[in-house]
Amino acid sequence: MRPRNPNRVRGPELKFLGGEMTMASNESDYLRALYQDWSDRMTANPEMTVPDLRALFDEWEKPTMEPEGVTYKSDTLGGVDGVWAYPAGCDQSKVMAYTHGGGFAVGSSSSHRKMAGHLAKALGVSAFILDYRRAPEHPYPAQIEDAVSVYQALVDNGIKPGNILTAGDSAGGNLAVATVLKLRDLGLTLPGAVIAFSPWLDMELSGGTLSSNEATDALVSRPVLEGMRGMFLGEGGDPADPLANPLKNDFAGYPPLYINAGEVETLRDDATRLADKTKAAGVNTTLSVVDGMQHVFPFLAGRAPEADAEIARIGAWYKAL
């Protein structure tokens with residue numbers, strides 16, 4: 001087992017820090033252990049099929065405790081299937097459109113509904129967790145097209161654009177960020193906020209922490225990302241496409257953005273580079289990097305204090321906008 005690091009939230013741009021913990025909690029190791037188990041199983045079966053990978057990654061719901069007072073309903077918006085999360089007493093005139101992670105190929109509303117429920121509860125909004133079309137059957141830009149369709153359906157159903165926020169984790173964090181860029185390209189009114197957990201943004205895989213954090217990240221490695229990138233972009237896809245790789249885009253006029261990452265994960269540089277780029281463009285950007293934490297550590301909601309504290313900070317940030 002790797003030595004634990006002191007747990008702190010860093011970055012002068014954070015406004016809602018709360019009390020700091022001095023050591024990572026025992027509960028936080030649940031996610032690392034799950035990731036290590038997946039890595040071991042994938043290594044033992046290098047010929048694992050996409051359906052097998054999807055079954056494996058649907059275990060992503062295991063670290064998350066069921067949020068209290070949240071109900072769910074299956075639905076279709078803009079031709080895209082998904083699941084609504086309704087926290088008790090939430091403002092249903094405000095909607096979080098949540099795009100799940102999983103390298104654009106795995107993950108689902110089933111694996112992510114509980115984490116999205118915790119987040120929606122903290123924000124005081126309803127949430128729609130998209131089951132967007134996945135690679136490799138549906139390569140880029142199918143995923144962004146589905147997210148845009150859901151956004152337009154929400155607006156058509158009477159939800160004000162400023163009352164919509166996009167959110168997502170890992171590859172879904174890319175979609176949460178890139179969907180807004182696509183909406184801007186289409187000349188549509190933008191949503192009110194964006195939340196990205198451990199976003200995978202750089203299809204060129206140039207971040208320094210891909211190497212420096214290789215030994216501490218229990219799941220995400222360069223070979224894993226290379227495989228997922230190939231399925232996502234398809235044959236002849238461009239890793240510098242500014243919608244597939246938002247770090248190649250500009251962020252003029254972008255809405256307030258909250259970015260979260262774990263200190264020990266390989267994709268940490270994607271989060272910090274996005275923060276640098278958006279802040280340089282004048283975007284109201286908050287970056288939270290929490291020491292000792294793995295990729296998408298908010299999956300530990302209801303189980304580990306680090307995840308609960310982070311989600312509470314995001315709730316306070318959103319309500320203060």
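Everything quoted here is computed from the prediction, not taken from an experiment. (Residues numbered from 1 in each chain as written. Predicted model: local features only at pLDDT ≥ 70, side-chain atom pairs only at ≥ 80, totals over all residues. Heavy atoms only, no water.)

**Let's talk about empty space enclosed by the protein**
Argument step 1. Enumeration over the complete set of coordinates arrives at 3 cavities of 30 Å³ or more.
Argument step 2. The space that makes up the largest cavity amounts to roughly 130 Å³.
Argument step 3. Lining the largest cavity are 13 residues, with Gly-102, Gly-103, Ser-170, Val-220 and Val-224 positioned closest to its centre.
Argument step 4. Of the residues forming the lining of the largest cavity, the biggest block, 3 residues, is contributed by helix 7 (residues 222-233).
Argument step 5. A class-by-class count of the residues in the lining of the largest cavity yields 9 nonpolar, 4 polar and no charged. (1 Å grid on protein atoms, 1.4 Å probe; cavity = no way out; pocket = protein on both sides within 12 Å on 5 of 7 lines; lining within 4 Å. Points joined across faces, edges and corners; volume = space filled by probe spheres on them. Helix = DSSP H or I, 4+ residues; strand = E, 2+ residues; numbered from the N terminus. Nonpolar A, V, L, I, M, F, W, Y, C, P; charged D, E, K, R; others polar.)

**What to know about the pairing of strand 6 (residues 164-169)**
Argument step 1. Of all 6 residues in strand 6, 6 are buried; the element is thus mostly enclosed.
Argument step 2. Of the two faces of strand 6, both are covered, the one formed by Ile-164, Thr-166 and Gly-168 as well as the one formed by Leu-165, Ala-167 and Asp-169.
Argument step 3. As judged from the 5 bridges shared by strand 4 (residues 91-99) and strand 6, these two strands associate in the parallel manner. For Thr-99, the partnering residue across the bridge sits in strand 6 and is Gly-168.
Argument step 4. As defined by bridge partners, strand 6 adjoins strand 7 (residues 193-197) across 5 bridges and the pair is classed as parallel. Following the sheet pairing, Asp-169 is matched in strand 7 by Phe-197. (Buried < 20%, exposed > 50% of the residue type's maximum accessible area, 1.4 Å probe, protein only. Pairing = 2+ DSSP bridges.)

**Here we look at helix 2 (residues 50-57)**
Argument step 1. Among the residues of helix 2, those classed as buried are Leu-53, Arg-54, Leu-56 and Phe-57. Viewed along the axis of helix 2, the buried residues span an arc of 160°, placing them on a single side of the element.
Argument step 2. Lining the buried residues of helix 2 we find helix 1 (29-44) and helix 3 (109-123). (Arc of directions from axis to C-beta. Contact = heavy atoms within 4.5 Å.)

**With respect to the confidence of the model for the protein**
Argument step 1. For the protein, the average pLDDT comes to 93, and 93% of its residues sit at 70 or higher.
Argument step 2. Residue range residues 1-22 is modelled with pLDDT below 50. Its contacts to residues more than four positions away, or to other chains, number 60 contacts. (pLDDT = per-residue confidence, 0-100.)

**Description of the nonpolar core**
Argument step 1. Counting 106 residues, the largest nonpolar core has Met-96, Leu-119 and Ile-195 as the members making the most contacts within it.
Argument step 2. Leave out the neighbours within four places in its chain, and Leu-119 touches Met-96, Tyr-98, Ala-167, Ile-195, Phe-197, Ile-311 and Ile-314. (Core = buried A, V, L, I, M, F, W, Y, C linked by side-chain atoms within 4.5 Å.)

**Here's the deal with the side chain of Glu-265**
Argument step 1. Within the fold, Glu-265 resides in the loop between strand 8 (257-262) and helix 8 (268-280).
Argument step 2. The charged side chain of Glu-265 is buried without a salt bridge, its nearest counter-charge being Arg-268 at 8.2 Å.
Argument step 3. Non-local contacts of Glu-265, meaning those with residues more than four positions away in its chain, are made with Ser-198, Thr-209, Asn-213, Asp-217, Met-293, Gln-294, His-295 and Val-296. (Lys, Arg positive; Asp, Glu negative; His and termini not counted. Salt bridge = Lys/Arg side-chain N within 4 Å of Asp/Glu carboxyl O.)

**Regarding the pattern of salt bridges**
Argument step 1. Tallied over the entire structure, the rule returns 15 salt bridges.
Argument step 2. The shortest N-O distance in the salt bridge between Arg-268 and Glu-263 comes to 2.8 Å.
Argument step 3. Exposure remark for Arg-268: the relative accessible area of 16% places this residue in the buried category.
Argument step 4. Salt bridges linked by common partners bring Asp-37, Arg-41, Glu-59 and Lys-62 together as one network.

**Side note on helix 5 (residues 171-185)**
Argument step 1. Over its 15 residues, helix 5 runs 21 Å from end to end, which matches the ideal 21 Å to within 8%, given 1.5 Å per residue.
Argument step 2. Along helix 5, the positions that sit buried rather than exposed are Ala-171, Gly-172, Gly-173, Asn-174, Leu-175, Ala-176, Val-177, Ala-178, Thr-179, Val-180, Leu-181 and Leu-183.
Argument step 3. The inward-facing, buried residues of helix 5 contact strand 4, helix 4 (142-156), strand 6, strand 7 and helix 8.
Argument step 4. Directly after helix 5, the chain includes Gly-187, whose backbone phi takes a positive value near 75°. (Expected span 1.5 Å × (residues − 1).)

**Observations concerning the packing of aromatic side chains**
Argument step 1. All chains considered together, the criterion is met by 12 aromatic pairs.
Argument step 2. Geometrically, the ring pair formed by Trp-84 and Tyr-86 is stacked, given 5.5 Å between the ring centres and 10° between the ring planes. Assigned by exposure class, Trp-84 and Tyr-86 land together as buried.
Argument step 3. Both rings, one in Tyr-140 and one in Phe-232, keep their centres 5.4 Å apart while their planes meet at 70°; by these two values the pair is edge-to-face. Taken as a pair, Tyr-140 in the loop between strand 5 (125-130) and helix 4 and Phe-232 in helix 7 lie far apart in primary sequence, 92 residues in all. For the residue pair Tyr-140 and Phe-232, the accessibility class agrees, reading buried in each case.
Argument step 4. Clustering of aromatic rings is evident, with ring pairs tying together Tyr-35, Trp-38, Phe-57, Trp-60 and Phe-299. (Phe/Tyr/Trp six-rings, centres within 6.5 Å; stacked < 30°, edge-to-face > 60°.)

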